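Residue strings, one per chain:
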Amino acid sequence: MTIEWRYTVEQNLGILSVSGYLGLDAVRRFAGAVGWVVGRGTGPVIVDLTGLRGWSAEGQLAITEAARRLAEAGRSLELAAIPADGSLVPVGDCPPIPVHPDLSGALAAHRTRAAASADSGPRPGHAARR
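Note on numbering: residues in each chain are counted from 1, in written sequence order. Reporting of local features is limited, given that this is a predicted model, to residues whose pLDDT is at least 70; pairs of side-chain atoms are given and counted only at 80 or more, and all residues count toward the totals for whole chains, interfaces and linings. Side-chain numbers come from the whole structure's heavy atoms, not from hydrogens or water.

> So what about the packing of aromatic side chains? Which residues, and what values?
Stacked, tilted and edge-to-face are the three classes assigned to paired rings of Phe, Tyr and Trp, where Trp is represented by its six-membered ring and a pair needs centres within 6.5 Å; plane angles under 30 degrees give stacked, over 60 edge-to-face, the rest tilted. Inspection of every chain in the model, using the stated rule, returns two aromatic pairs. Ring centres of W5 and W36 lie 5.6 Å apart, and the angle between their planes is 55°; this geometry places the pair in the tilted category. One end of the pair, W5, is in strand β1 (residues 3–10); the other, W36, is in helix α1 (residues 27–38), and 31 residues separate them in sequence. Under the relative-accessibility criterion, W36 is labelled partly exposed at 35%. The interplanar angle of 75° and the centroid separation of 5.8 Å between the aromatic rings of Y7 and W36 together place this pair among those described as edge-to-face. Taken together, the positions of Y7 in strand β1 and W36 in helix α1 put the pair 29 residues apart, joining distant regions of the chain. Helix and strand labels come from DSSP, where a helix needs a run of H or I of at least four residues and a strand needs a run of E of at least two; each type is numbered from the N terminus. The rule is simple: take the accessible area with a 1.4 Å probe, protein chains only, and divide by the maximum for that residue type; under 20% is buried, over 50% is exposed, in between is partly exposed.

The following block contains the structure:
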């Protein structure tokens, strides 16, 4: 069994939607998808696992490797809707991987962060202090 993937951009975020089963047979396909994503766009990438039926230990390692690859490219990885059959246990040298209950929660978290960043910036008519 393998995976299918789709990449879209929404709210300046890359969204990599993955469906199927992320097992040993699908790891190379997932790594290829991540390579495709690294070469396109900037900013955080949310891996939407809503359509994922499950994952193996190798699939989980592929997620942590994706987080490393994206970090090397100056981008972060976040997960939305991890499979119910387990939690992600990243290895010690892996960048932090935020986990959201679903894609709408991940998008809402980014809207909140963007609003907070906008609120903390200089107000019109006021110079920024250095």
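That covers the picture; the talk isn't over yet.
> Please give an account of the packing of α1 against helix α2 (residues 57–72) that cites residues and values.
Axes here refer to lines fitted to C-alpha atoms; in helices the fit is confined to the stretch in contact. Angles between the N-to-C directions go from 0 to 180 degrees. Where α1 contacts α2, the two axes come as close as 10 Å, and the packing angle between them is 15°. When the axis of α1 is compared with that of α2, the two are roughly parallel. When the axes of α1 and α2 are compared, the crossing they make is right-handed. Contacts between α1 and α2 involve V27, F30, A31, V34, G35, V37 and V38 on the former and, on the latter, E58, G59, A62, I63, A66, R69 and L70. Throughout, the ten residues Ala, Val, Leu, Ile, Met, Phe, Trp, Tyr, Cys and Pro are labelled nonpolar, Asp, Glu, Lys and Arg are labelled charged, and all others, Gly among them, are labelled polar. Partitioning the contact of α1 with α2 into residue classes produces 10 nonpolar, two polar and two charged. In these notes the angle categories are as follows: under 35 degrees is roughly parallel, over 145 is roughly antiparallel, 65 to 115 is roughly perpendicular, and the rest is oblique. For a crossing to be left-handed, the near helix must be turned anticlockwise from the far one by less than a right angle; the clockwise case is right-handed. The contact criterion used throughout is that any non-hydrogen atoms of two residues lie within 4.5 Å.

> Could you give me a rundown of the pairing of strand β3 (residues 45–55), with the residues and numbers involved?
Counting buried positions over the 11 residues of β3 gives eight, a clear majority of the element. Pairing between two strands requires that DSSP report at least two bridges joining them. Looking at chain direction, strand β2 (residues 13–22) and β3 are connected through eight bridges and run parallel. Following the sheet pairing, L22 is matched in β3 by W55. Note on handedness: a clockwise path from strand one over the helix to strand two, with the strands aimed away from the viewer, defines a right-handed crossover. Crossover β2 to β3 through α1 is right-handed. Bridge count for β3 against strand β4 (residues 77–80) is four bridges, and the pairing is parallel. When the bridges of β4 are listed, I46 appears paired with E78.

> Outline the pattern of salt bridges, listing residues and values.
Here a salt bridge means any side-chain nitrogen of Lys or Arg lying within 4 Å of a carboxyl oxygen belonging to Asp or Glu. Summed over all chains, the structure comprises two salt bridges. Taking the shortest distance from any N to any O, the salt bridge between E65 and R68 comes out at 2.8 Å. Taken together, the residues E65 and R68, both in helix α2 and three residues apart, mark about one turn of the helix. Relative accessible area serves as the criterion here: at 37%, E65 is assigned to the partly exposed category. Note that R68 is salt-bridged to D93, the shortest N-O span being 3.0 Å. Residue R68 is located in helix α2, and its partner D93 is located in the loop between β4 and β5 (99–100); the two are separated by 25 residues in the primary sequence. Take D93: its relative accessible area is 57%, and that puts it in the exposed class. If you follow the salt bridges from partner to partner, you end up with E65, R68 and D93 in one network.

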